[in-house]
Amino acid sequence: MIKITFPDQSVREYEDGVTPLQVAESISPRFAQDVLVAKVGDEMWDLTRPIAGDANINFYKWDSEEGKHAFWHSSAHLLAEALQELYPGIQFGIGPAIENGFYYDVVPANGENIKESDFPKIEKKMLELAREKQAIVRRDVPKAEVLKEFAAKGQTFKCELISELEDGHISTYTQGSFTDLCRGPHIPTTAPIKACKVLSVAGAFWRGNDKNPQMNRVYGITFPKASMLDEYLKLMEEAKKRDHRKLGKEMELFAFSQNVGQGLPLWLPKGAALRMRLQEYLTQIQKRYGYVQVITPHIGNKNLYVTSGHWAKYGKDSFQPIATPEEGEFYMLKPMNCPHHCEIYKTSPRSYRDLPLRLAEFGTVYRYEQSGELHGLTRVRSFTQDDAHLFCRPDQVKEEFLKIIDIIMIIFKALDFKEFEAQISLRDKVNREKYIGSEENWQKAEQAIIDACQEKGLPAHVEYGEAAFYGPKLDFMVKDAIGRRWQLGTIQVDYNLPERFQLEYTGADNQKHRPVMIHRAPFGSMERFVAVLLENTAGKLPLWLAPDQVAILPISERFNDYAYEVKNSLERQEIRAYVDDRNEKIGRKIRDNEMKKVPYMLIVGEKEQAERMVSIRKQGAGDGGSMSIDDFATMIVNEVKSQIEHSSY
Ligand SMILES: [Zn+2]
Ligand SMILES: [Zn+2]
């Protein structure tokens, strides 16, 4: 008999060689129907793979990342099986699960390519095979034998992969007539796959190297229910409309230029103004919470990053150091602001009474990303963090977390993020030797974060083993208007950099102590945050933030002068307004300004001019009656105030 330990620490005994599926069935047949994959000890495990020896077990259903991953990885195999039947002689590369679905890299025989018009027949074949409820069977085979098997089938890419593996046994998975070289895990059969969609096909080089053969990368997604696929496709449609890259162009916020370089955003006047507004707002709040602003250079001596440990860990994958004409000097584009701030800390002796020291900077950093990874403002090579580093005593960690949570809540409210959650990342429960810092400080900090979340009523879940080796952290995720989750701000405790930079303060006991460092960025980065804001609001930004708050549309040129008069009155109240004085029909002007997502349009003609009034159209709400210029201005000023004034500070 072996002992199986469940997540709630309860233990049951089973016969040696029991499978996770049998264990699940012993709990409840209904539960066993829903589980897709298991984790045995530290290893992801097929439900049908025997367990040898005592072990901890975890089960995963569709609602978990692990469950979806196994489902989609198995679907990649199903896609390959379908392609093998439809395209005899097809060669296979790799076929992983990805964030939404999966892909497979393939080369059809005789120079053929997979086309969009082929998708329906591929989907049909996948469904047909899924309905056969084929078992997905794992085998552990000696390397030489696997190599022979794949060579016989002419699978040269697979043979290349196999020959690079260590000698010994290699696992393969077979379903129907298709066998793949694969580490697994997989779902037990193809039966749960109920809806299949081939999404796109793109060119991809074998192993990402342009000297290698070009392959067809076929993307797909599958679901355990047909209705889920319909929902997903609807969501994709909606997401396309909200794509921040499209909105950024339409709203004239930012641009990219190949001449400047990939992944280096150019903020256009309206975008820059929007970003400045966000920065000013955050700066104002931070000032109330005792932050001081600092400014540091965009480059730093390479040795600074040797000290921080960044060089050893990321140096190879970073922008390479810049050499000076004088020999032997090397500088790096700043990949993070922390080391600079540590050096600021060291500029004077600190006493326990000086702490916490809160150094804030909108610091631009540069990180190398492969060109294929770049995406609008969410994956860039240059971005500005709304960064701050708090240096405090170990007993001040909780107080600081409470304050940072406050700041983040104020921001979420002002930006209308209603649904958010937090993740508390703590140490592994067992392997504690891999973490730097004293046991006592860790325990205090972990408890401080949990308590701070509780006191603030923040919905947070705890993840063990997710902490960085240098400290626990709290991450914020927001759910946008169409249900997508975005990771935003982070609060990270750090015991490592104070050690590496030998930071000290003099305690009440007159002895030297190490401060704790807290990194925090409520927005994450200005680039990412603006992207999320655009995708969440579909470009309809809250009034206080909108680049243009009011568009004034004269019915004909005769009323242009009055329109400018209105604009001047509004500007005196710091309302951002412009006049659309193009020689266009009013209907056209309304449509164009609607497209620009301006919150208010004011229409002025004969009647308005005579009565010193404006006719109002609110974005998305249509006709809003008419008002005097002053009343309208007061209304706007009040609306802005209500959006950014909060009792919590
Ligand atoms: Zn596989
Ligand atoms: Zn930092």
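Residues numbered from 1 in each chain as written. Chains lettered and ligands numbered in written order. Predicted model: local features only at pLDDT ≥ 70, side-chain atom pairs only at ≥ 80, totals over all residues. Heavy atoms only, no water.

1. With respect to the packing of helix α9 (residues 269–288) against helix α13 (residues 397–414)
Two quantities define a packed helix pair, namely the angle between the helix axes and the distance between the axes.
Then comes step 1: α13 packs onto α9 with a crossing angle of 145° between their chain directions and a minimal axis gap of 11 Å. Once α9 is placed against α13, the crossing between them reads as right-handed. Here Tyr 281, Leu 282, Ile 285 and Gln 286 of α9 come into contact with α13, specifically with Ile 407, Ile 410, Ile 411 and Ala 414.
Then comes step 2: Classifying every residue of the contact of α9 with α13 by side-chain character gives seven nonpolar, one polar and no charged. (Axes fitted to C-alpha atoms, helices over the stretch in contact; angles between N-to-C directions. Helix = DSSP H or I, 4+ residues; strand = E, 2+ residues; numbered from the N terminus. Left-handed = near helix turned anticlockwise from the far one by under 90°. Contact = heavy atoms within 4.5 Å. Nonpolar A, V, L, I, M, F, W, Y, C, P; charged D, E, K, R; others polar.)

2. Points about the nonpolar core
Then comes step 1: In this structure, Leu 278, Leu 415, Leu 474, Ile 552 and Leu 570 are the most contacted members of the largest nonpolar core, which totals 84 residues.
Then comes step 2: Element by element, the count of residues in this core is highest for α13, at eleven residues.
Then comes step 3: If we skip the residues at most four places from it in the chain, Leu 278 touches Leu 415, Phe 523, Met 526, Phe 529, Val 530, Leu 533, Trp 544 and Leu 545.
Then comes step 4: One finds Leu 36, Val 37, Leu 79 and Phe 92 within the second-largest nonpolar core, a separate group that totals 40 residues. (Core = buried A, V, L, I, M, F, W, Y, C linked by side-chain atoms within 4.5 Å. Buried < 20%, exposed > 50% of the residue type's maximum accessible area, 1.4 Å probe, protein only.)

3. Overview of the coordination of the zinc ion (ligand 1)
Then comes step 1: His 73 (NE2), His 77 (NE2) and Cys 182 (SG) make up the full set of protein donors to the zinc ion (ligand 1), lying at 2.0 to 2.3 Å.
Then comes step 2: Expressed as a motif, the donor residue spacing for the zinc ion (ligand 1) is H-x3-H-x104-C. Here His 73 and its partner His 77 are both found in helix α3 (residues 65–86), four residues apart, which amounts to about one turn of the helix.
Then comes step 3: Residue His 73 is classed as buried on the basis of its relative accessible area, which comes to 12%. (Donors = N, O, S within 2.8 Å, 3.2 Å for Na, K, Ca; no water.)

4. Side note on the packing of aromatic side chains
Then comes step 1: Applying the stated rule across the entire model yields 23 aromatic pairs.
Then comes step 2: Relative to Phe 529, the ring of Phe 417 lies with its centre 6.1 Å away and its plane at 65°, an arrangement referred to as edge-to-face. Of the two residues, Phe 417 sits in the loop between α13 and β22 (419–426) while Phe 529 sits in helix α16 (residues 526–537), which places them 112 residues apart along the sequence.
Then comes step 3: Look at Phe 417 and you get buried, because its relative accessible area is 3%. (Phe/Tyr/Trp six-rings, centres within 6.5 Å; stacked < 30°, edge-to-face > 60°.)

5. Remarks on unusual backbone geometry
Then comes step 1: The omega torsion across Gly 184 and Pro 185 is 0°, close enough to zero to call that bond cis.
Then comes step 2: Along the chain, Pro 185 turns up in the loop between β11 (178–181) and β12 (195–205).
Then comes step 3: Residue Pro 356 follows Leu 355 across a cis peptide bond; omega there is 0°.
Then comes step 4: Within the element layout of this structure, Pro 356 appears in the loop between α12 (338–345) and β20 (357–366).
Then comes step 5: We note that Gln 502 has phi near 55°; this positive angle belongs to a residue other than glycine.
Then comes step 6: Relative to the helices and strands, Gln 502 is located in the loop between α15 (496–500) and β26 (505–506).
Then comes step 7: At Arg 612, a position not held by glycine, the phi torsion is positive, near 55°.
Then comes step 8: Along the polypeptide, Arg 612 turns up in the loop between α19 (606–611) and β32 (613–618).

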